[in-house]
Structure formats: C-alpha cells, structure tokens
Amino acid sequence: MNASDLPGAPFLAYRDQQLFIEQLRLQDLAQQHGTPLFVYSKAAMLHALSAYQRAFAGRQAKVHYAMKANSSLGVLQVFAQAGCGFDIVSAGELARVLAAGGQAKDVIFSGVGKTRQEMQLALQAGIACFNVESEAELDVLSDVALSMGQVAPVSIRVNPNVDPKTHPYISTGLKGNKFGIAHERTLQAYRHAASLPGLKVTGIDCHIGSQITTTEPYMDALDKVLDLVEQIERAGIPVDHLDFGGGLGINYNGDTPPPADALWASLLARLDARGFGQRQLMIEPGRSLVGNAGVCLTQVQFLKPGEQKNFCIIDAAMNDLPRPAMYEAYHQIVPLTLSNAATQVYDVVGPVCESGDWIGRDRALNAQAGDTLAVLSAGAYCMSMASNYNTRGRPAEVLIDGDKAHVIRARETVADQIRGESLV
Ligand code: LLP
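Every value quoted in this text rests on a predicted model; they were computed, and no experiment measured them.

Draft legend 1. Up close: helix α2 (residues 42-55). Under the 1.5 Å per step criterion, the end-to-end length of α2 is 20 Å for 14 residues, consistent within 8% with the ideal 20 Å. Where α2 is concerned, the buried positions are A44, M45, A48, L49, S50, A51, Y52 and A55. The N-capping residue of α2, defined by a side-chain oxygen 3.4 Å from the backbone nitrogen of A43, is S41.

As structure tokens, this is what we get:
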C-alpha cells in the first residue's frame, strides 16, 4: 500500500508498520477504549475546512457544515469554534448545535418535511434561513411565522435537473427526486413567497447530490441557478444570498474528486464572469469535511473458512457502519500493523443476522482472531446513521487532537437502550 494513498493521509499514516492517527497509535486507542470505536482527527477536519476557507478568502461566504454527516457534539464543537455555521434538517439537530456552542443565527434549515413544531422552534431560536422545498411548505411556514408575529427568512431550494453522476440514493437534483422545486416552477414559487406576509425572501438554494467527484455537475447547476436568479430579480424580487449546497466527494477507493479549493476556484470564476462574485455565498458541505477524518476500529472475532467464501467476522456491523449495506459503498479495511505475511481473501462481515451485513467483500487480508482492523473513511454518515439493530449499543467515539484523545461519546449500554421502554 502506498502510504500517501491512504484516505485520511497525512493525519492517518503508518509509522514503523503501525497505524497512527495524528500522534497516537490506533492499537493503543483500541486497547484503552475497546471496539468497535470511532476515532476522529481534529486536524484532518480543520485541514478539510481550510481548503474551503482558502477558496473563499476575500469573499462574503459562509460554510454551513451539513451536520447530518456527523452530528456528535464534539465534532460540532470543532466546526463551531472554527467559525462555521450549520445546515440542519430537524429540530433535534438544532438542539445539538446549541448544545455544542453554536449559534442559531448561523443555522440554515433544509429538508422536505419540516413540521410546524420544528418551524416554531427554529423561529423562536432565530435561525438564519429556511431552505424551503415545496410550495405547500411556503404556505405553512408563512402561517406559522404570522401566528408568532414573526417573518421567516426563506430561500427556495431549486431542483436544477442536473445529474450528479453518483449513487441513485444520494442524487437529489434530478427531476424524479423528491427534493426542491422544479426549475420551471421556481419563478412562480418566488412570486408566491414574496406575496406571503409571513415570509421574507433572502436567497436561493440548490444541492444536487452527494459524493460528487467531478466539477461539471456543479458548473451546470450553477449556471441554471444564476439564470433563475436573473429571472427572479427581473420580477422585482431581490435574492441576497446564493447557497450551493454540499456534495463534494471524498476518496474512498481511489476516487479523485477535485479538491475543494480547486472546485471553488472554477465556480467562483464563473460567478465572477456572470457578475455574481460579490453576492453573499453559502455552502453546506458535510462528507468532505469529516469523511476522511475518521476511522472505525474493529476486532476480528472469528475466521470462518467456507467452500465459496472465507468470512472474517468482526465486532462492527451494519448497525455501526450502514453504508455498505445501504449503498454497497466501499470502505477500505486495513490492518493496524503492517506485515509481509500471506493474505487470504475474505468477506468482512458483522454479527448481525442479515446477509446484507457485510462491511467489505473480497478483501485480501492477513488477519487472525483478536487482531484489530481499521475501516477507513468512516467520519461521515457512519455514526450519524448508526442504529441499535440487534440491540447492539452504538460505539464510543474519540476525538484526537495531537497527542490527546478526548472521549466525545461513551459506548452505549443496554441500559441506555432500554431507557424509556416499559412493560405492559
Ligand atoms: N445539504 C443538503 C440539503 C443535503 O441534503 C446534504 C446531504 C448536504 C448538504 C451534505 O452533502 P455532503 O456534502 O455530505 O455530500 N448517507 C449518504 C449521504 C446522504 C446525503 C444526504 N444529504 C451516504 O452515506 O453516502
């Protein structure tokens, strides 16, 4: 393995055959905290953020971390302290932002199905903007705001009908998707929004999908959004901010997405060329800020040779790492200690009672029962999507800062899981 190709490098690297995250040896962390264990590098998160910050230097732009990627309080705190705002999709996420020291005025609220109660809570808190996804939502939000004697700041999420060329489950900007308001109906929706007494139009928003690895879909979406802004403003409705969503991919298995600064250099050049370079800009990146900052450590329980397949049964499962089961996603699985010993090909599977409970297929590994493995690129959409299926407690999480390890979430116990349940 070429060390610089390791997703997460240089914050994740082998030294003397041992895998380190920042200054700490992952084997030591596994021993101290047990497995399965999520381990995150704070420096890797800040490094990923810095690429966006470089791109936006001298611009009016704000990064709203899409916290659905990883909403653990300790992770949110890193981004709040670094000056980020947050993109939320529920009142629960708003509560997390506030608990982590973030401010409501830096929050934007996305999602197709906000409830009245969630709208109320967000208005009370004083969030920056609602990204509205349907005409019906405009009416309800105006109604809720009026009933509270408030005016809700809104931007409409446009569905530009652009193919982001990613997995169908995470592509959101195509006509057949449930997200946003169709390009053709956008002007009408803005006219409607502007006519509602409980709303104030502040911006426009677009998010076309996730794990996008080329620049073109962004360029296409950008042009379509700017065409719309021109139309909307010709109709006399000012659009103060432009929100281009998130979606930038990461390297899972040799993927080569553009670096955030290169992507944004191209997009800003187009914005400048079209006279929009000085607008207030917002983005909502999630995965690209945290995905490769995290790994999941897991212990090999049993090796089970078979006629057709060899299985390497680990103590992490689809409830901890749902992406392979949900999207057939690929995560690299590497040993914590490199060796030259012969490898065998295994399906790496968890203990959950489902054939879909696999973490990696056909992986060449030199593994023995008791060894610890690292599942890479596990900082985004792993812990935040983890479940208690099979009454498995969710893993602990540790945030590394140089040579310090901070436990940011204790391992979930059975008592945690059954709290709130009762017998008849
Ligand atoms: N903004 C909105 C409105 C979104 O829906 C999303 C992600 C983002 C921003 C952040 O996108 P990112 O920068 O992380 O690509 N669970 C899937 C990914 C689902 C993405 C959902 N929306 C996965 O594990 O691949």
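Draft legend 2. A look at the packing of helix α5 (residues 116-125) against helix α6 (residues 135-147). Across the interface, α5 lies against α6 with an axial gap of 10 Å and an inter-helix angle of 55 degrees. Accordingly, the angle class assigned to the pair α5 and α6 is oblique. α5 and α6 meet at a crossing whose hand is right-handed. Contact with α5, carried on its side by R116, M119, Q120 and L123, involves E137, V140, L141, D143, V144 and A145 of α6 and no other residues of that element. Looking at the contact of α5 with α6 residue by residue, the class counts come to six nonpolar, one polar and three charged.

Draft legend 3. Highlighting the site of the ligand. Around the ligand sit 18 residues, and of these S210, E284, R287, R323 and Y381 come closest. S210 is positioned such that a nitrogen or oxygen atom in its side chain is 2.4 Å from an oxygen atom of the ligand. One nitrogen or oxygen atom from the main chain of G247 is found 2.8 Å from an oxygen atom belonging to the ligand. Taking 580 Å² as the accessible area of the ligand by itself, protein coverage stands at 92%.

Draft legend 4. Representation of the nonpolar core in the model. Core analysis: the biggest nonpolar cluster contains 102 residues, and Y65, F79, F130, I204, L242, W264 and L271 have the highest contact counts within it. Residue-level mapping places this core at the junction of two domains, with at least three residues from each of domain 1 (3-41 + 291-418) and domain 2 (110-285). Formed by 20 residues, the second largest nonpolar core is a distinct cluster that contains L6, A374, L376 and A396.

Draft legend 5. Region of the structure containing the pairing of strand β21 (residues 404-409). The pairing of strand β20 (residues 396-401) with β21 spans five bridges and is classified as antiparallel. Its bridge partner being in β21, D401 is matched across the sheet by K404. Between β20 and β21, which pair antiparallel in sequence order, lie two residues; one of them, G402, sits at a positive phi of approximately 70 degrees.

Draft legend 6. Structural context of the pairing of strand β2 (residues 18-21). Because side chains alternate across β2, one face comprises the buried residues Q18 and F20, and the other comprises L19 and I21, equally buried. Counting the residues between successive antiparallel strands, the hairpin from strand β1 (residues 12-15) to β2 contains two residues, one of them, D16, with a positive phi of roughly 50 degrees. Bridge count between β2 and strand β3 (residues 24-25): two bridges; the pairing is antiparallel. Directly across from F20, in β3, lies its bridge partner R25. Between the end of β2 and the start of β3, which pair antiparallel, lie two residues, with E22 showing a positive phi angle near 45 degrees.

Reading guide: rules and limits
Residues numbered from 1 in each chain as written. Predicted model: local features only at pLDDT ≥ 70, side-chain atom pairs only at ≥ 80, totals over all residues. Heavy atoms only, no water. Helix = DSSP H or I, 4+ residues; strand = E, 2+ residues; numbered from the N terminus. Expected span 1.5 Å × (residues − 1). Buried < 20%, exposed > 50% of the residue type's maximum accessible area, 1.4 Å probe, protein only. Polar contact = N/O pair within 3.5 Å; in protein donor to acceptor, adjacent residues only side chain to side chain. Axes fitted to C-alpha atoms, helices over the stretch in contact; angles between N-to-C directions. Parallel < 35°, antiparallel > 145°, perpendicular 65-115°, else oblique. Left-handed = near helix turned anticlockwise from the far one by under 90°. Contact = heavy atoms within 4.5 Å. Nonpolar A, V, L, I, M, F, W, Y, C, P; charged D, E, K, R; others polar. Near = heavy atom within 4 Å. Areas by Shrake-Rupley, 256 points an atom, 1.4 Å probe, with all protein chains shown as cover. Core = buried A, V, L, I, M, F, W, Y, C linked by side-chain atoms within 4.5 Å. Domains from an automatic or database assignment. Pairing = 2+ DSSP bridges.

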